[in-house]
Amino acid sequence: MSKKNILLIEDDRALRTLLEFVLSEDFNVISQENAISALAWLEKNTCPDLILTDLMMPEISGMEFTKTIRSSSLYRNIPIIILSGKENSDSRIRLLAIGADDFITKPFNPVEVVLRIKNIFKRTVA
C-alpha cells in the first residue's frame, strides 16, 4: 500500500523539521513554511490526503487558510489538523465550526500527532 501524502504547513523551521522526520516514516510529507506557499503548491499539484497546519502564521493564519480550503470545491474534503501554541477553547470551537477535523496544542508528543492522523485515515477510507 502506498503512503498517504500530508501537506505540512509550519513556519517554525525546527518544528517543521521535527514533524517531517517523525511523519516521513509513515507518510509522504510535503512541507511549506506558510499558507501562501501552501496555496501556491496546491494550485500546481495533486491534492494531499491530509493537511497539518499551524494556526499562528504570518500573512494568512491557519484559521483563514482553513476557511479558504473549506470554501474550495477542489479541496473542501481534505482532512485538516490544526497545530497551535494557544490553549484556547474559543479558537478550537471556531476552527472546528469552520471545518477543521482536529486540533493539537503545542507542545505535543509527535507520536500522538501520527496516531491522530492515522485515526482520521481509518475513518476516511474510500
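What you see is a predicted model; the values in this text were computed from it and never measured. (Residues numbered from 1 in each chain as written. Predicted model: local features only at pLDDT ≥ 70, side-chain atom pairs only at ≥ 80, totals over all residues. Heavy atoms only, no water.)

Undergrad: I would appreciate a short explanation of the side chain of Arg70 in the present structure.
TA: Considering the arrangement of structural elements, one finds Arg70 in helix 3 (residues 62-70). Of the polar contacts made by the side chain of Arg70, one reaches the backbone oxygen of Gly99; its length is 3.0 Å. With sequence-adjacent residues up to four places away left out, Arg70 is seen in contact with Tyr75, Arg76, Asn77, Ile78, Pro79, Ile80, Ile98, Gly99 and Asp101. (Helix = DSSP H or I, 4+ residues; strand = E, 2+ residues; numbered from the N terminus. Polar contact = N/O pair within 3.5 Å; in protein donor to acceptor, adjacent residues only side chain to side chain. Contact = heavy atoms within 4.5 Å.)

Undergrad: Looking at this structure, I do not really get the nonpolar core. What am I missing?
TA: For soluble globular proteins, nonpolar side chains are generally found buried alongside one another. Of all hydrophobic cores here, the largest spans 21 residues; its most connected members are Leu7, Leu42, Ile51, Phe65 and Ile69. Of all the secondary-structure elements, those providing two or more residues to this core are strand 1 (5-9), helix 2 (35-44), helix 3 and strand 4 (80-84). In terms of residues, this core owes the most to one element, helix 2, which gives five residues. If we ignore the near neighbours within four places in the chain, the residues touching Ile69 are Leu39, Leu42, Ile51, Tyr75, Arg76 and Ile80. Among the nonpolar cores identified, the runner-up in size contains 17 residues, and Leu15, Leu23, Leu52 and Val114 belong to it. (Core = buried A, V, L, I, M, F, W, Y, C linked by side-chain atoms within 4.5 Å. Buried < 20%, exposed > 50% of the residue type's maximum accessible area, 1.4 Å probe, protein only.)

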